[in-house]
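Residues per chain, in single letters:
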There are 2 protein chains.
Amino acid sequence: MSHCSTMGASADRSIDNGATWTSWGATQPELSASARSLLTAALGELTPQRPVAITAATVPVSRLPAAVRADLVTALGADAVLDDDASRARHAGGQAYADLIRRRRGDASDAPDAVLLPSTAAAVSDVLRICSTARIAVVPWGGGTSVVGGLAAQTGGAAAVVALDLSRLDQLLSVDHLSRTATFQPGIRTPAAEAALAAHGLSLGHVPQSFERASLGGYVVTRSSGQSSSGRGRMDDMVLGLRLATPVGELVLPAMPGSAAGPDLRRLVMGSEGTFGVLTEVTLRVRPLPECVRYEAWAAPAWEAGHRLMRRIAQDGPRPDVLRLSDPEETRISLVMSGTAGLKRRAMDAWLRARNVTAPCLVILGFEGSDRDVRYRRREVRRLMLAERAAPLGAAAGNSWAHHRFSGAYLRDTLLDNGVLAETLETATTWSQLAALYAGVGEALRTALARDGRPPLVGCHISHVYPAGASLYFTVLAAADPGREIDQWTAAKAAANAAIVAAGATISHHHAVGTAHRDAVAADLGGTDGTGIAVLRAVKGLLDPAGILNPGKLLPEEQSR
Amino acid sequence: MSHCSTMGASADRSIDNGATWTSWGATQPELSASARSLLTAALGELTPQRPVAITAATVPVSRLPAAVRADLVTALGADAVLDDDASRARHAGGQAYADLIRRRRGDASDAPDAVLLPSTAAAVSDVLRICSTARIAVVPWGGGTSVVGGLAAQTGGAAAVVALDLSRLDQLLSVDHLSRTATFQPGIRTPAAEAALAAHGLSLGHVPQSFERASLGGYVVTRSSGQSSSGRGRMDDMVLGLRLATPVGELVLPAMPGSAAGPDLRRLVMGSEGTFGVLTEVTLRVRPLPECVRYEAWAAPAWEAGHRLMRRIAQDGPRPDVLRLSDPEETRISLVMSGTAGLKRRAMDAWLRARNVTAPCLVILGFEGSDRDVRYRRREVRRLMLAERAAPLGAAAGNSWAHHRFSGAYLRDTLLDNGVLAETLETATTWSQLAALYAGVGEALRTALARDGRPPLVGCHISHVYPAGASLYFTVLAAADPGREIDQWTAAKAAANAAIVAAGATISHHHAVGTAHRDAVAADLGGTDGTGIAVLRAVKGLLDPAGILNPGKLLPEEQSR
């Protein structure tokens, strides 16, 4: 089986990354000399910034009424109701740039008033009952990885707000081998879920960059999409059944392979971002552990040729499981940043020059499955790649990508230490609109973040493809404006949101809405007259009559219609 | 290209079947001598029944208030507001057994009070506005093919009820070649839609048995699934965008390849069965016309081996586009009924006996795509078939199936003429529950329809597969109880519904809810405490505050919670 190896994603899946309140993991990479010179050459002077330790964080006094606290202790036990400063500070926001900047400054002013750690689905229902009655806001909390403000501890006018941390609901409950389904509690993190499934010879195969910390429940309620979406599909397509605890009762949607029994209410829970209720169980599609895992890298000769390749593969197949195309800028940046990666850069440059390729676009292909299936798909995809004059860079470069697939989040902390604004955003549209969307968003970011005539570095990749279109994922690196970092990004994000809406694209392909997109989500949700938003408000009004669930997320501020 | 032919579904797609108010098409097959002897041997004496002509039908006086009629004429034009007896009688119900029996008796007592034929989306909105204000019930009408009572002209307490016939909204509006999408008006029938797409070299490929008469809008709001679902997916997966006119405004959901911008409201419209609004546009995925179309028949040695085959193909692929497995009874019945079909029965019997197969199960495989793709999939599927000791019956038998794929509905009229109760029902569940579901529903039908110790004929097939499970489609033939036909089937249907619910399966895989399943849909929609049903009622309350849209469908009668 020389075409096949077992390295790649599977090998990395049980990492305990030892996150702290300001860092993604216990360790951070150093910035290589080449990366440092790229950044200063492009961005000018950078002002290093050191994060404040959690022990020095400013945490406001908890507003949780004593009577409510007592009710919660009675229902959950004292060890499940935490209101110490450190627990609360650790639940102050997620992983958006603004969240990180606030915490790095030692600012935990937006910490929840308490952190609840229920151990059972019944305890989750108890929390919703107690908090509904007392009108205390509840922010459901999975892996804490939201990059769109989905975890902001807003009260929505309530007297206090608690984080409902689901990390004790972390079990694989059952496996149906014949039907290839598995039922989980929502708080299980992906590495633990994969480890539990691996004991059954199974795998979920949902691999977003947040893999190490994100929870399965979080994936479901935010409509996540992983790096293997080309083969495995979105999380939307993997959910067969679920249970949702709401303040007015439980919604139990059984695991069905397909149905026409009315609207699929699972799809109403997916994307609800904790505003309708709290997931307590989810049944997902699983697959056998792959016999064969194979990554490879290619260079497409240009962004447009790369688009055409992505489209042809998405429309006519067969598809790899992982399919990514970086634009020339992202390709250039990532070759410099990856430093120790397996891409032998000088050799590659020579190889590409010989082929007259001046702005190569990195393509990553990943295949997982049976030997037979992988062999067939590789051969067919190779045929298409060669037809578009893409150049093979080999398995070592592909494996290097797979090995470093989670490294971006660690590197980001290093960049922030070095005074770099580092943030990402993403969208999707149809193939016919993709080039205009790419141009519009890139232009908006470059204009908004230019300083002293220097544009930021803006890279982009396509990593989720469909027959009808694809996502665009932008990575932005700019010189942070010391003390004004949040305003600086807020303005750029607003410009990007406006460009996305103007292009008729979706405001989020897989990061969800949270607070970052709520004011730009109208077109996605049924038009600017607000009919679709009114539908969601009607559902919320029924399920959460006290309005305690994750206030301020998903839906725009209510205005008189 | 000897492995390939262009016959099959595509050739049959432009049929104008000349339906009448009691017959599916202009012509009906004769019952062959062998079919007649099978039926009388199994079912005993049959009492032939002749349908009453529409000119002799009993149609009640229209209750539509003159003022409302005048408003509708002003908005739509006189030629778009029909209240003559024939127009109304033709809109009395759909294609359920009870609907056919009533019409065959000349009973149009459940005809709508008028038939409206809007030509524009704006006219649809006008109808909803006028009827909301006047509190007149509206039954959206596409192809008239509902088999679950979805078109019953119930008033829901209103003074009158109109059928909103969308057949003048029958255009292909636009095609996006690069993104492989097409935008249609909802009333276009499938043959016309395929003809319009074929002019662009494209095809939809949604081929349910109702293909000749059903409308695209109907498919969307009932979550249809066609015979090619194994390759093309359900209608759910083909919808990218839509516009829904509601009494309170329009819901415009743009065509997006994938999104995490809140819950997917398209999925709330799909399955709403005209109770939330009226579809005025839908954007669907389309594909190039296939280069190669190939059907073939096989015999699986037993039902269990056939299950295993279906499951292995669904889970590990590659998949054919059409994948069907008939149980021994359906195989036996269809071989007799098909009469002139290409299956050379005696030769086949000898072939199977030589292989010790006593209860063969017919398997149909259909492949459509590029030569290259079809060749690969055929070879891989063949390998699996042979591994399960299935016997190839050849391309002629497969082509015969494809040629007769729409014939069941015509044959049914002949069976009814001959005094046979002929009806179908379907469900789906996970692979691990499929055998129990099959046994339970079969037993319920045989018990409920036994007469004088003779059980009915009950055949079953699997025709929609998923990695997690499959559908079961039952066909029932019994001696009709003259004059009591509707009660006879109602009792059997109730028994089947109860068996489906007891097995934890879905009450409908692709026929929808209508009136036939509304009292058995609770478990599918979120549990017996009614949380999910309350969610749908909240949405309906918002979008249809006057409660005029398709009363009595989808949702159970409201009870105090």
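Bear in mind the structure is a predicted one, so any value in this text is a computation, not a measurement.

Here is what the cut-offs are and how they apply
Residues numbered from 1 in each chain as written. Chains lettered and ligands numbered in written order. Predicted model: local features only at pLDDT ≥ 70, side-chain atom pairs only at ≥ 80, totals over all residues. Helix = DSSP H or I, 4+ residues; strand = E, 2+ residues; numbered from the N terminus. Rg over C-alpha atoms; globule rule 2.2 N^0.38 Å. Buried ≥ 20, exposed ≤ 12 C-beta atoms within 10 Å, placed from the backbone. Contact = placed C-beta atoms within 7 Å. Least-squares fit on C-alpha atoms with pLDDT ≥ 70 in both. Domains from an automatic or database assignment. Nonpolar A, V, L, I, M, F, W, Y, C, P; charged D, E, K, R; others polar. Pairing = 2+ DSSP bridges. Axes fitted to C-alpha atoms, helices over the stretch in contact; angles between N-to-C directions. Parallel < 35°, antiparallel > 145°, perpendicular 65-115°, else oblique. Left-handed = near helix turned anticlockwise from the far one by under 90°.

(A) Expanded view of the overall build of chain A. In terms of regular secondary structure, chain A is built from 18 helices and 18 strands. Its C-alpha atoms give chain A a radius of gyration of 23 Å, near enough to 24 Å, the size a compact globule of 561 residues would have. Its C-alpha atoms put chain A at 75 × 60 × 45 Å along the principal axes. Put simply, chain A has 561 residues, and 59% of those count as buried. Sequence-distant contacts, at least 24 apart, represent 78% of the contacts inside chain A between residues at least 6 apart.

(B) Looking closely at the relation of the copies chain B and chain A. At an RMSD of 0.0 Å, chain B and chain A line up after a rotation of 180 degrees and a shift of 0.0 Å along the axis. Put plainly, the chains are arranged around a two-fold axis. An overlap of 100% is found between the interface residues of chain B and their copies at the interface of chain A, pointing to a shared contact surface.

(C) Spatial organisation of the domain arrangement of chain A. All names here are of chain A. For chain A, the assigned domains read domain 1 (52-165), domain 2 (172-288), domain 3 (290-405) and domain 4 (409-520). Each side of the interface is counted separately: domain 3 has 15 residues, and domain 4 has 15 residues. Among the secondary structure elements, those contributing two or more residues to the side of domain 3 that touches domain 4 are α10 (303-316), β13 (322-326) and α11 (328-338). If one sorts the elements of the side of domain 3 that touches domain 4 by residue count, α10 sits on top with six residues. Across the side of domain 3 that touches domain 4, the residue classes break down as seven nonpolar, three polar and five charged.

(D) Layout of unusual backbone geometry. Cis geometry is found at the peptide bond from A:G317 to A:P318, where omega equals -5 degrees. Looking at the secondary structure, you find A:P318 in the loop between α10 and β13. Of note in this structure, B:R135 is not a glycine but carries a positive phi near 50 degrees. You can see B:R135 is positioned in the loop between α5 (121-134) and β3 (137-141).

(E) Examining the pairing of strand β14 (residues 361-369) of chain A more closely. All names here are of chain A. Of all nine residues in β14, nine are buried; the element is thus mostly enclosed. Burial along β14 is two-sided: the face carrying C361, V363, L365, F367 and G369 and the face carrying L362, I364, G366 and E368 are both buried. Looking at chain direction, strand β12 (residues 292-300) and β14 are connected through nine bridges and run antiparallel. Paired with A300 across the bridge in β14 is C361. Sheet topology note: the β13/β14 ladder contains four bridges and is antiparallel.

(F) Examining the interface of chain B and chain A more closely. Contacts between chain B and chain A engage 74 residues on the former and 75 residues on the latter. Elements represented by at least two residues in the side of chain B that touches chain A include exactly β8 (239-246), β9 (249-253), α9 (266-269), β16 (420-430), α16 (431-449), β19 (469-479) and α18 (531-543) of chain B. Broken down by element, the residue count for the side of chain B that touches chain A peaks at eight residues, all from α18(B). Of the residues belonging to the side of chain B that touches chain A, the class tally is 36 nonpolar, 28 polar and 10 charged.

(G) How the structure looks around the environment of A:A492. Residue and element names in this part refer to chain A. Within the fold, A492 resides in helix α17 (residues 485-502). For the pair A492 and L445, spaced 47 residues apart in sequence, the C-alpha separation works out to 5.8 Å. Dropping the residues within four chain positions of it, A492 is found in contact with L445, A448 and L449.

(H) Region of interest: the packing of α10(A) against helix α13 (residues 371-387) of chain A. Residues and elements named next belong to chain A. Where α10 contacts α13, the axes come no closer than 10 Å and their chain directions differ by 150 degrees. With respect to each other, α10 and α13 are oriented roughly antiparallel. In this structure, α10 meets α13 at a crossing whose hand is right-handed. Here α10 contributes L309, R312 and I313 to the contact with α13, which in turn contributes V381, L384 and M385. Per-class residue counts for the contact of α10 with α13 are five nonpolar, no polar and one charged.

(I) Quick look at the sheet that holds strand β5 (residues 172-176) of chain B. Residue and element names in this part refer to chain B. With antiparallel pairing, the five strands of this open sheet are ordered in space as β5-β6-β10-β8-β9. Each of the sheet's edge strands pairs with one partner strand only, and the pair in question is β5 and β9. Across the sheet, the mean angle from the axis of one strand to that of its neighbour is 10 degrees, orientation sign disregarded. Pairing of β5 with strand β6 (residues 181-184) involves four bridges; the strand directions are antiparallel. Within the sheet, the bridge partner assigned to D176 lies in β6 and is T181. Seen against the sheet, α5 touches β8 and β10 (278-285) and runs at an angle of roughly 45 degrees to β8.

(J) Seen up close, the sheet that holds strand β4 (residues 161-165) of chain B. All names here are of chain B. One open sheet holds the four strands; their spatial order is β1-β2-β4-β3, and the pairing between them is mixed. At either margin of the open sheet sits one strand with a lone partner, and together these are β1 (81-82) and β3. Summarising the sheet, strand β2 (residues 114-116) and β4 pair through three bridges and their orientation is parallel. Counterpart to V115 in the pairing with β4 is A163. Seen against the sheet, α5 touches β2, β3 and β4 and runs at an angle of roughly 155 degrees to β3.

(K) Here's a closer look at the pairing of β13(A). Residue and element names in this part refer to chain A. For β13, the tally of buried residues reaches five of five residues, placing the bulk of the element in the interior. Neither face of β13 is exposed, since V322, R324 and S326 on one face and L323 and L325 on the opposite face are all buried. As defined by bridge partners, β13 adjoins strand β17 (residues 457-462) across two bridges and the pair is classed as antiparallel. By the bridge assignment, L325 is partnered in β17 with I462.

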